[in-house]
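Read off the chains here:
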Amino acid sequence: MSFERLHYLPIAIFILFPTTFLGSYIAAVLLGHVQPNFPYISDTAAYSPESCVFGQLINLGTLVLAACIYIRYREIEAFPSMEADNYQPSTPAPLSVRFNKWSLYLGLLACFGLSLVANFQETNVLVVHLTGAFLCFGVGTLYFWIQAFASYHLHPIVNGLWVAHLRMVLSVISTIFFLILTVTGVASHLLFHGSNPRKWYPEDGGWSLHVVSTASEWVVAIAFCIYILTFVPEFRRVSIEEPRVSVAFEVMRPYVTDISGEAFIGVSESAEEVYAQSSTQLPP
């Protein structure tokens, strides 16, 4: 059985993540949990009930994202066979092939970080939440850089040159704004002297740096969603087969009588072996 229409997966991510971010933001503002002036995405999901919905939807999106990363990995893995006329096994493999497995590990690690962000709110376990944010944005940006360079190697067989250029631009944007997010976020919290960072007012100190940091996080999140959306044209031509499952049946024979009538202790044997032995022992 073949699974096609895999291009719906990145489309689902592009719809699910922004909808979740926007929905949690609206709910948090209406419930008075955050101020409407550019809060961090995670601030909008720091309290229930929006944190519960946010965590559930992000967990679902993380699974879909991990599937996209795996499909991309298998796509690049099949690139040498698609390039059969030009690719020679005796020559060094392109970087896109040599770093493909590392790219898979980085992508899955970024997904794990996103799951940590969704399930460990900053109001409960701050260290785990920040670790997840670094894995998601930092490691995720590194994954995007590898995929951007891979897109140039895969041109023109897998993707167009404009796709490679677009992914490179998105990688640059993600890197710049991730660094701005980190630096201004640390600096603004050092200057903060209010009571609740989720309700940050201009008179609490570090306001300008805080707004720059939160806005940078939203830019990085949007860039991530657009980057995943660029996989749609490629995934239209990709299909996966239903996995094959092999089962080795074994029959335990603790006490068996042979043809001579003498008893002995048997061992675990496969079903085929037991059937063959029983057939030879049947009387004519």
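Note that the structure is predicted; figures quoted are calculated from it, not measured.

Student: Whenever I open this one, the environment of Gly138 confuses me. Can you help?
Tutor: Following the sequence through the fold, Gly138 ends up in helix α6 (residues 126-154). Sequence separation between Gly138 and Thr182 is 44 residues; the distance between their C-alpha atoms is 10.0 Å.

Student: Please clarify how helix α7 (residues 161-191) should be interpreted in this entry.
Tutor: An α-helical turn contains 3.6 residues, so a residue and the one three or four places further along point in the same direction. For α7, which comprises 31 residues, the first-to-last C-alpha distance of 45 Å matches the rise-based estimate of 45 Å (1.5 Å per residue) to within 8%. Those residues of α7 that fall on the buried side of the exposure criterion are Val163, Ala164, Arg167, Met168, Leu170, Ser171, Ser174, Phe178, Leu181, Thr184, Gly185 and Ser188. Those residues of α7 that are buried lie in contact with α2 (50-77), α6, α8 (207-229) and α9 (232-235).

Student: What am I meant to see in unusual backbone geometry here?
Tutor: What is expected of a backbone is that most residues other than glycine have negative phi and most peptide bonds are trans. Note that the residue after Ser48, namely Pro49, is joined by a cis bond; omega there is 10°. Here Pro49 lies in the loop between α1 (8-30) and α2. In this structure, the amide linkage connecting His155 to the following residue, Pro156, adopts the cis form with an omega of 5°. Locating Pro156 in the fold gives a position in the loop between α6 and α7. Here Phe38, not a glycine, exhibits a phi torsion of approximately 50°, which is positive. One can find Phe38 in the loop between α1 and α2.

Student: Help me understand the pattern of salt bridges, please; the structure alone is not making it clear to me.
Tutor: Pairing of side chains with opposite charge becomes possible as their charged atoms draw close. This structure, assessed with the given rule, holds five salt bridges. Note that Glu234 and Arg72 form a salt bridge whose closest N and O atoms lie 2.4 Å from each other. In this pair, Glu234 sits in helix α9 while Arg72 sits in helix α2, placing the two residues 162 residues apart along the sequence. For Glu234, a relative accessible area of 3% translates into the label buried. Taking the relative accessible area as the measure of exposure, Arg72 reaches 1% and is therefore buried. Overlapping salt bridges bring together Arg72, Glu75, Arg167 and Glu234 as one network.

Student: Explanation requested: the packing of aromatic side chains in the structure shown.
Tutor: Any aromatic ring pair is given by two values, namely how distant the centres are and how the planes are angled relative to each other. Tallied over the entire structure, the rule returns 15 aromatic pairs. An aromatic cluster of at least three residues, connected via ring pairs, comprises Phe137, Tyr143, Phe144, Phe224, Tyr227, Phe231 and Phe235.

Parameters at a glance
Residues numbered from 1 in each chain as written. Predicted model: local features only at pLDDT ≥ 70, side-chain atom pairs only at ≥ 80, totals over all residues. Heavy atoms only, no water. Helix = DSSP H or I, 4+ residues; strand = E, 2+ residues; numbered from the N terminus. Expected span 1.5 Å × (residues − 1). Buried < 20%, exposed > 50% of the residue type's maximum accessible area, 1.4 Å probe, protein only. Contact = heavy atoms within 4.5 Å. Salt bridge = Lys/Arg side-chain N within 4 Å of Asp/Glu carboxyl O. Phe/Tyr/Trp six-rings, centres within 6.5 Å; stacked < 30°, edge-to-face > 60°.

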